[in-house]
Amino acid sequence: MIQERIAALRKRMKEEKIDAYLVLTDDFHGSEYVGGYFKCREYITGFTGSAGTALITEESAGLWTDGRYFIQAAQQLKGSGITLYKMGEPDVPTVHEYLEQTLGIGQCLGYDGRTVSTGEASELSEILKKKGAVQNGSLDLIGDIWEDRPRLSCEPVSELDVKWSGESRASKIARVRKSMLEKKADLFLLSTLDDIAWLLNIRGGDIACCPVVLSYLVMTDEEALLFANERAFPETVKLALEAEHVRFQPYDAVYDFLAGLPSGKKLLLCRDKVNSRLTASVPEGVEVIDGENPTLLFKAVKNPTEVKNERAAHIKDGVALTKFIYWLKTNVGKIPITELGAEKRLFSLRSEQEHFMGNSFEPILSYGEHAAIVHYSATPETDVPIEPHGFLLADTGGHYLEGTTDVTRTIAMGPLTDEEKFYFTAVLRGHLNLAAAKFRSGTTGLSLDYLARAPLWQLGRDFNHGTGHGVGYLLNVHEGPNSFHWRSTPNRKADTAFEEGMITSDEPGYYEEGKFGIRHENLIVCVKDQETAYGSFLRFEPLTMVPFDLDAIVPEQMTERERTLLNRYHAQVFENISPYLNEEEKAWLKEATRMIEI
């Protein structure tokens, strides 16, 4: 089927005189996850991961993806004729390098400019100029051949009350307008969906597990134009928005609106976030001011109400996860449990919690060798029984009105090998040391990442993904700009300094292909520590309240400090979670959080 689709695409390419066609994962808003309508890369390659780029030429087809998906992509591309390019690996060309090597004078690169950022389009333009080639960003060739393409989503929109958001829509808009004034901008174009939802205190459901609304926003000093499907908005929400000078426009009308801007206006936008079709619509007489969206940092720094709510959300989530681990441990080998069965059970336990809104991402419950596939998700075809030995890796999260959770626990289902215990402990040591960091204000994730990787690096081992990402408040589970990474890249904001209120994941791991996978993840919030003559110091506090599996730990591998940190964390877990458990669960948790000898 994939080969037939590629053949149909090549036929359209020939008709349009396109020599290479680029297919990104993105929707029109640069979203990490996308709705069914936008899954063009998945349609043409069969690869279902959340990150990747396909490039089709007359004679070749390639897929570029990162280390999270090497194993999954290799399996899903088998027999398709598509070559897997492992990004970041030695001697593997980037997409840009491949285009530079492949295209020649007079040849044409095609793509749908609505899915390619302005920054990316500019880089492509420079490469093609050097080669004497050209580009055409006006073609949706996948859409031309996709006969049963899903419709654009139009899920109902709701308003997020200020008791959850901690700040009114009017206050947020005023802060953005102040940024516009500082940059001398007449208008501000915002196209990232989580930023729009945050700014307007609205939530939707146009992307699975991401409560956002398909929309664009243009702000002036007097009003905000919301380009969206008006049918998704209940009358009460429409009236509330209109009362604060938010005016509705059709979703696709944003291109004509930009094209009609009068000369002399100054338009603020982020070229790395806004798609190239949008900027191509702006007349030459309009000055474009390129700058990071002011909403990015505003959104990342959670206010005191949001932090307080998040603590409550994580206690609810911790109750569900603790009950789940207890259920697994007491039933494995006694009743049939599969990966999908465990996923269903966990969802049921979360659903019992007040204000639960749904999963914050597609759950990862992977047993045995499946856990070595970093972003594996079970399907009816891959589902396997969970047996009373080895590891189950559970990377899951929930949305609550109180906020968003993301937690990973690697759970011993029974006897383990010495190798499994050894690496479980090594990864946990890194997790604990990063969580306990104390650092000067101005420190970035690039500086702190080593704390998590050191136990593995000392063994000549590593994990092929980031150590942590920012998390939204009832929004995207992956949110910038705060993160932990050991190296910087042009598209990564790991050089953003941590600030009080930022919520970030701490999730080192270790993976042995064909054997097992280990990951330990908590969400941590940045808080003030102390002021000294040397400056302002910050630290992290854990939000996640779920025990780590003592059955898999080798205490002798840990330093005295690391054992103290684990004991201290487990005391917090018992104190916060035990009041919500029945007597059997409470007795189990007491043993599961017992102190290990210092």
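All of the points below concern the structure found in this document. (Residues numbered from 1 in each chain as written. Predicted model: local features only at pLDDT ≥ 70, side-chain atom pairs only at ≥ 80, totals over all residues. Heavy atoms only, no water.)

1. As for the overall build of the chain
Counting its secondary structure elements, the chain contains 19 helices and 28 strands. Its C-alpha radius of gyration of 25 Å places the chain within 12% of the 25 Å reference for a compact globule of 598 residues. Reported as C-alpha extents along the three principal axes, the dimensions of the chain are approximately 70 × 55 × 50 Å. Considering the chain as a whole, with its 598 residues, one finds that 57% of them fall into the buried category. When contacts within the chain are restricted to residue pairs at least 6 apart in sequence, those whose partners lie at least 24 apart make up 69%. Surface exposure of the chain reaches about 25,100 Å², of which carbon and sulfur atoms provide 50%. Positive and negative side-chain charges in the chain, numbering 65 and 89 respectively, have mean positions lying 2 Å apart. (Helix = DSSP H or I, 4+ residues; strand = E, 2+ residues; numbered from the N terminus. Rg over C-alpha atoms; globule rule 2.2 N^0.38 Å. Buried < 20%, exposed > 50% of the residue type's maximum accessible area, 1.4 Å probe, protein only. Contact = heavy atoms within 4.5 Å. Areas by Shrake-Rupley, 256 points an atom, 1.4 Å probe, with all protein chains shown as cover. Lys, Arg positive; Asp, Glu negative; His and termini not counted. Charge placed at Lys NZ, Arg CZ, Asp CG, Glu CD.)

2. Comments concerning unusual backbone geometry
Cis rather than trans, the peptide bond between G480 and P481 has omega equal to 5 degrees. Relative to the assigned elements, P481 resides in strand β23 (residues 479-484). Phi at N201 takes a positive value of approximately 55 degrees, unusual for a residue other than glycine. Along the chain, the position of N201 falls in the loop between α9 (193-200) and β9 (202-203). On the accessibility criterion, N201 (4% relative accessible area) is buried.

3. Focus on the pattern of salt bridges
Enumeration over the complete set of coordinates arrives at 39 salt bridges. Residue K129 is joined to E126 by a salt bridge in which the shortest nitrogen-to-oxygen separation is 3.9 Å. One end of the pair is K129 and the other is E126, both in helix α5 (residues 118-131) and three residues apart, which spans about a single turn. According to the relative accessible area criterion, K129 is exposed, its value standing at 58%. Classification of E126 as partly exposed rests on a relative accessible area of 47%. (Salt bridge = Lys/Arg side-chain N within 4 Å of Asp/Glu carboxyl O.)

4. What to know about the packing of aromatic side chains
Going through the model one piece at a time under the given rule, you end up with 28 aromatic pairs. Grouping aromatic residues by their ring pairs yields a cluster made of F422, Y423, Y510 and F516. The cationic tip of K438 hangs over the ring face of F537; the distance from NZ or CZ to the ring centre is 5.8 Å. (Phe/Tyr/Trp six-rings, centres within 6.5 Å; stacked < 30°, edge-to-face > 60°. Lys NZ or Arg CZ within 6 Å of the ring centre and 35° of its normal.)

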